[in-house]
Each structure stands twice: as C-alpha cells, then as structure tokens.
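Residue strings, one per chain:
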Amino acid sequence: MNALLSLAVIGAGMSVAFQQVLNAKLRGELGSPWWAGFASYAVGLLAMLLAVLLSGGPPLSAAMIGRTSWLSWAGGIFGALFIATAILAVPRLGAATVLALIVVGQMLASLAFDHLGAFGLAQHPATPLRLAGALCLLLGVLLIRA
C-alpha cells in the first residue's frame, strides 16, 4: 500500500509541474497573470465541487465549520500565493528551476514544521542527515540552473 501511495504522490507532484506550465501558457494567452490564476482556481473549485458531490460524504455544516480554527482557513491564501508566484516565475526561470525551488521551499518549511511538531504534527527532529537531504535538494537546484 505504501508503494501505491508513493506512486500517487509522485503523480500529484507531476500534476503540479503540469499545472504550472499550463498556468504560464494561459497567462500568455490571456495577457494577465491574475486572470490566469483566477481561472486556475475557478476550474479547481469546480473540480473539488464535483469531487464533493460524487464522494457521498456529509454536506458541510455549521458544526463542521465550528470545529475549525481561523488559521486552518488560510491554506487558500498560501495556495494563491503559490499559483501567482509560479505563473510569474515559470516564463522567466523555466519550469524545472521553479519547481525545484518550490521543492526546496517545501522541504525547508516541512523540516521546520516536523522539528517543532507545529500545527499538531508528530515531532520529527531535524537531524544532520535530514538537513543534508535538504542541502542536496538545494544543490539540485544549482545543477538544474547550470
């Protein structure tokens, strides 16, 4: 099961690369990074709405919303920042460099979150070996840019 899940995560990573390239293309076609980002979120909203409707799960309720914290709702803001930055950067830096830098940023933040046990995560110390792995990612970015 872990192998299948790992393959699904790799596929999700590939879809992020595809998304960024398509968003950059849409930016050029629309002549606006902001409308391209809006379109990306609008289509994503429709896709998630379809997933909700097809899942057969319970409808969103006031009780469900009441169990959340205000910070939990900020994910969409960070998603918008991610989409806007990638739309602006991919045409200038290239898809490989942008995605490599995104992975470095994700790894650095994830190491910090794990080390601190932030946001309810299980604590996993930032060992020298884990930090060396992050350094290898940064080296990978430099090699991709060469």
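What you see is a predicted model; the values in this text were computed from it and never measured.

Draft legend 1. Broad picture of unusual backbone geometry. If you check the backbone angles, Phe-119 has positive phi at about 60° while not being a glycine. Here Phe-119 is to be found in the loop between α5 (95-116) and α6 (128-145). Take Phe-119: its relative accessible area is 63%, and that puts it in the exposed class.

Draft legend 2. The arrangement of the side chain of Gln-20 in detail. With respect to the helices and strands, the residue Gln-20 is situated in helix α1 (residues 2-30). Classification of Gln-20 by relative accessible area gives buried; the value is 0%. In this structure Gln-20 touches Phe-82, Ile-83, Ala-86, Ile-87, Val-90 and Leu-99, once residues within four positions along its chain are discounted.

Draft legend 3. Region of the structure containing the packing of helix α4 (residues 75-93) against α5. Contact geometry for α4 and α5: axes closest at 7 Å, N-to-C directions at 140°. When the interaxial angle is binned, α4 and α5 end up oblique. The chirality of how α4 crosses α5 is right-handed. Of the residues in α5, those in contact with Phe-82, Ala-86, Ala-89, Val-90 and Leu-93 of α4 are Ala-95, Thr-97, Val-98, Leu-101 and Ile-102. Looking at the contact of α4 with α5, its residues break down into nine nonpolar, one polar and no charged.

Draft legend 4. Broad picture of the packing of aromatic side chains. Overall, the coordinates contain two aromatic pairs when judged by the stated rule. With 5.5 Å between their ring centres and 85° between their planes, Trp-35 and Phe-38 make a pair best called edge-to-face. A residue pair is termed a helical-turn pair when its members lie 3 or 4 positions apart in one helix, as Trp-35 and Phe-38 do in helix α2 (residues 33-55) at three residues. Owing to a relative accessible area of 54%, Trp-35 belongs among the exposed residues under this scheme. On the basis of relative accessibility, which here comes to 53%, the residue Phe-38 falls in the exposed class. Their ring planes at 85° and their centres at 5.3 Å tell us that Phe-113 and Phe-119 sit as a pair that is edge-to-face.

Draft legend 5. Here's a closer look at the pattern of salt bridges. Within this structure, the stated rule accounts for two salt bridges. Between Glu-29 and Lys-25 there is a salt bridge, with the nearest N and O atoms lying 2.7 Å from each other. With Glu-29 and Lys-25 both in helix α1, this residue pair falls four residues apart, about one helical turn.

Draft legend 6. Inspection of the packing of α1 against α2 at higher detail. Interhelical geometry of α1 versus α2 gives an angle of 130° and a closest axis separation of 8 Å. What the angle tells us is that α1 and α2 run oblique. The two elements α1 and α2 cross, and the hand of that crossing is right-handed. Note on element contacts: α2 touches α1 through Pro-33, Trp-35, Ala-36, Ala-39 and Ser-40, opposite Gln-19, Asn-23, Leu-26, Arg-27 and Leu-30. Class assignment for the residues of the contact of α1 with α2 results in six nonpolar, three polar and one charged.

The rules behind these values
- Residues numbered from 1 in each chain as written.
- Predicted model: local features only at pLDDT ≥ 70, side-chain atom pairs only at ≥ 80, totals over all residues.
- Heavy atoms only, no water.
- Helix = DSSP H or I, 4+ residues; strand = E, 2+ residues; numbered from the N terminus.
- Buried < 20%, exposed > 50% of the residue type's maximum accessible area, 1.4 Å probe, protein only.
- Contact = heavy atoms within 4.5 Å.
- Axes fitted to C-alpha atoms, helices over the stretch in contact; angles between N-to-C directions.
- Parallel < 35°, antiparallel > 145°, perpendicular 65-115°, else oblique.
- Left-handed = near helix turned anticlockwise from the far one by under 90°.
- Nonpolar A, V, L, I, M, F, W, Y, C, P; charged D, E, K, R; others polar.
- Phe/Tyr/Trp six-rings, centres within 6.5 Å; stacked < 30°, edge-to-face > 60°.
- Salt bridge = Lys/Arg side-chain N within 4 Å of Asp/Glu carboxyl O.

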